[in-house]
Amino acid sequence: MTANPAPPPVCPQCGQNDMVRRVSNLVQDEPGSPLAQKLAAPRSPRPAAVLGCATSFFAAMVSISAAILATGLTELTSTAPRTGLLFGVRDTSVFTGIITFLFVFVGVHAMFVWRQAQASRFFRRSFTAWHRASERWQQLHYCLRCDGVFLPGQSSLTPVDQVQMLLYARRPSQGGASAPASAPQSGVEG
């Protein structure tokens, strides 16, 4: 004995349910149709790129360049006596170059780490919003007669063109689509 599936909810505009379909079923049954493309499930945001060897290499190259420049400038402007170091470079110039390398390397690397943290924070917020929107999308219904979408219990119909606003609203209103939470972009900007 099979259980009968629950009847679809009643459209808040026409008050009938004979032409109401669950959006997920409609998209699955007619994947190439223009309506299915408008009602497609929200896209998952892409995670932020991870810091890698290229970042450290770039930080090292910038730091070496800054260290060479600082060493050269100190060598040109210093009046300290020359020592027996390689190429007769002064001790103060070597010290200045090493300190410059360290500070620039740490600074450049810290900038990349900060940007990574910002991108990760943006991704977490976008992922949370996407997850909420996906849950709402699973509950979303479409009325063919009225050409609009609604969540069960919603008191008005939302036009198909505003489905993203309904999905990403902080709280779906009982009177229609409310102000959206910032819908995530398809890429992560850092």
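Residues numbered from 1 in each chain as written. Predicted model: local features only at pLDDT ≥ 70, side-chain atom pairs only at ≥ 80, totals over all residues. Heavy atoms only, no water.

**A few points about the state of the cysteines**
So, step 1. Applying the stated rule across the entire model yields zero disulfides.
So, step 2. As a non-bridged cysteine, C14 has C146 as the owner of its nearest cysteine sulfur, 3.7 Å distant.
So, step 3. A residue is classified by how much of its surface remains accessible, and C146, at 19% relative accessible area, is buried. (Disulfide = S-S within 2.5 Å. Buried < 20%, exposed > 50% of the residue type's maximum accessible area, 1.4 Å probe, protein only.)

**What to know about helix 3 (residues 53-77)**
So, step 1. The terminal C-alpha atoms of helix 3, which comprises 25 residues, lie 36 Å apart, in line with the 36 Å expected from a rise of 1.5 Å per residue.
So, step 2. Turning to helix 3, its buried residues number three or more, namely T55, A59, A60, S63, A67, A70, T74 and E75.
So, step 3. Elements that come into contact with the buried residues of helix 3 comprise helix 4 (91-139). (Helix = DSSP H or I, 4+ residues; strand = E, 2+ residues; numbered from the N terminus. Expected span 1.5 Å × (residues − 1). Contact = heavy atoms within 4.5 Å.)

**A look at the confidence of the model for the protein**
Any segment with low pLDDT has predicted coordinates that should not be analysed in fine detail.
So, step 1. The predicted model of the protein has a mean per-residue pLDDT of 81, with 82% of residues at 70 or higher.
So, step 2. Scored below 50 in pLDDT, residues 175-190 shows 31 contacts in the model against residues more than four places distant or in partner chains. (pLDDT = per-residue confidence, 0-100.)

**A few points about the nonpolar core**
Nonpolar side chains in soluble globular proteins generally cluster together in the buried interior.
So, step 1. Residues V23, L39, L140, Y142, V149 and L167 are the most contacted members of the largest nonpolar core, which totals 18 residues.
So, step 2. When residues no more than four places from it in sequence are discounted, the contact partners of L167 are P42, A133, R136, W137 and L140.
So, step 3. Counting six residues, the second-largest nonpolar core is a separate cluster that includes V20, C143, C146 and L157. (Core = buried A, V, L, I, M, F, W, Y, C linked by side-chain atoms within 4.5 Å.)

**Describing the packing of helix 3 against helix 4**
So, step 1. Running from amino to carboxyl end, helix 3 crosses helix 4 at an angle of 150 degrees, the nearest separation of the two axes being 7 Å. Between helix 3 and helix 4, the angle falls in the class roughly antiparallel. Between helix 3 and helix 4 lies a crossing of right-handed hand.
So, step 2. Classifying every residue of the contact of helix 3 with helix 4 gives 13 nonpolar, 11 polar and one charged. (Axes fitted to C-alpha atoms, helices over the stretch in contact; angles between N-to-C directions. Parallel < 35°, antiparallel > 145°, perpendicular 65-115°, else oblique. Left-handed = near helix turned anticlockwise from the far one by under 90°. Nonpolar A, V, L, I, M, F, W, Y, C, P; charged D, E, K, R; others polar.)

**Some remarks on the sheet that holds strand 4 (residues 158-159)**
So, step 1. With antiparallel pairing, four strands are arranged side by side in an open sheet as 1-2-3-4. Strand pairing shows two members of the sheet lacking a second neighbour, strand 1 (20-22) and strand 4, which therefore form its edges.
So, step 2. Direction of pairing for strand 3 (residues 148-150) relative to strand 4: antiparallel, over a ladder of two bridges. Bridge pairing links V149 to T158 in strand 4. (Pairing = 2+ DSSP bridges.)

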